[in-house]
Amino acid sequence: RYSSILEGIIIRTELLKEEKELKMNMAKVLVFDILFGKGLKCGGVWKVIALKHQARLQAELARLKVKQKVSRNEDLLAPAAGAVKALPRYVRVNTLKTNIEDVIDYFKRQGSVYLGRATSLQDLDRLTGKQFLMDLHLADILVFPPKTDFHTNYLYTAGHI
């Protein structure tokens, strides 16, 4: 999301010119961790290089925020980047441990509403709440609304999905 912003900051601070062994991709990771992340978790030479330039990088970020008249880092993102459409959550049924019918029955007993097999991609966009579908193309894939969480679900923890 911040790739173009990071690249601009790296170019304006001439970080790659001063640190010859540093490549753009590694520089983006280091600068992201310093400016937007939770700090550097790495050690060694990369941390020393990044911390040496930390004040200059933060100053450049501050200049960019003033120039664009924003106060939050998220406001630097282009409007289109913030409006990314959420994708549905796809779940593969592990047919070595269970079958698709048992998984569908389990989710129905948990209060979800099974809408059958999808007939078009638009069906996937219309999923809300506790609705789910069988995938349009693959019979062992179930499709749930975006941000449906399965991390604590029994079927997930047992390896059935």
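That block above? That's the structure.
What you see is a predicted model; the values in this text were computed from it and never measured.

Asker: Account for the environment of Arg 92, with residues named and values stated.
Answerer: Looking at where Arg 92 falls in the secondary structure, it is placed in strand E1 (residues 89–92). Distance from Arg 92 to Asp 135, taken between C-alpha atoms, is 9.7 Å for residues 43 residues apart in sequence. Filtering out sequence-adjacent residues up to four positions away, Arg 92 remains in contact with Asp 140, Ile 141, His 160 and Ile 161.

Asker: Which residues make up unusual backbone geometry, and what are the values?
Answerer: The backbone of Lys 69 sits at a positive phi, close to 60°, despite the residue not being glycine. One can find Lys 69 in the loop between helix H5 (54–67) and helix H6 (79–82). Phi at Lys 147 is positive, roughly 65°, even though this residue is not glycine. Examined against the element boundaries, Lys 147 turns out to sit in the loop between strand E4 (141–144) and helix H9 (154–157).

Asker: Can you lay out the packing of helix H1 (residues 3–12) against helix H3 (residues 24–35) for me, pointing to particular residues and giving the numbers?
Answerer: Two measures define how a pair of helices packs: the angle their axes make with one another and the distance between the axes. Viewed as axis vectors pointing N to C, H1 and H3 meet at an angle of 100°, and their least axial separation amounts to 9 Å. Here H1 lies roughly perpendicular to H3, going by the angle between them. Taking contact as the criterion, the partners of Ser 3, Leu 6, Glu 7, Ile 9, Ile 10 and Ile 11 in H1 are, on H3, Met 24, Ala 27, Lys 28, Val 31, Phe 32 and Leu 35. Residues that form the contact of H1 with H3 fall into these classes: nine nonpolar, one polar and two charged.

Analysis parameters
Residues numbered from 1 in each chain as written. Predicted model: local features only at pLDDT ≥ 70, side-chain atom pairs only at ≥ 80, totals over all residues. Heavy atoms only, no water. Helix = DSSP H or I, 4+ residues; strand = E, 2+ residues; numbered from the N terminus. Contact = heavy atoms within 4.5 Å. Axes fitted to C-alpha atoms, helices over the stretch in contact; angles between N-to-C directions. Parallel < 35°, antiparallel > 145°, perpendicular 65-115°, else oblique. Nonpolar A, V, L, I, M, F, W, Y, C, P; charged D, E, K, R; others polar.

Treat this as a map of the structure, not an account of what it does.
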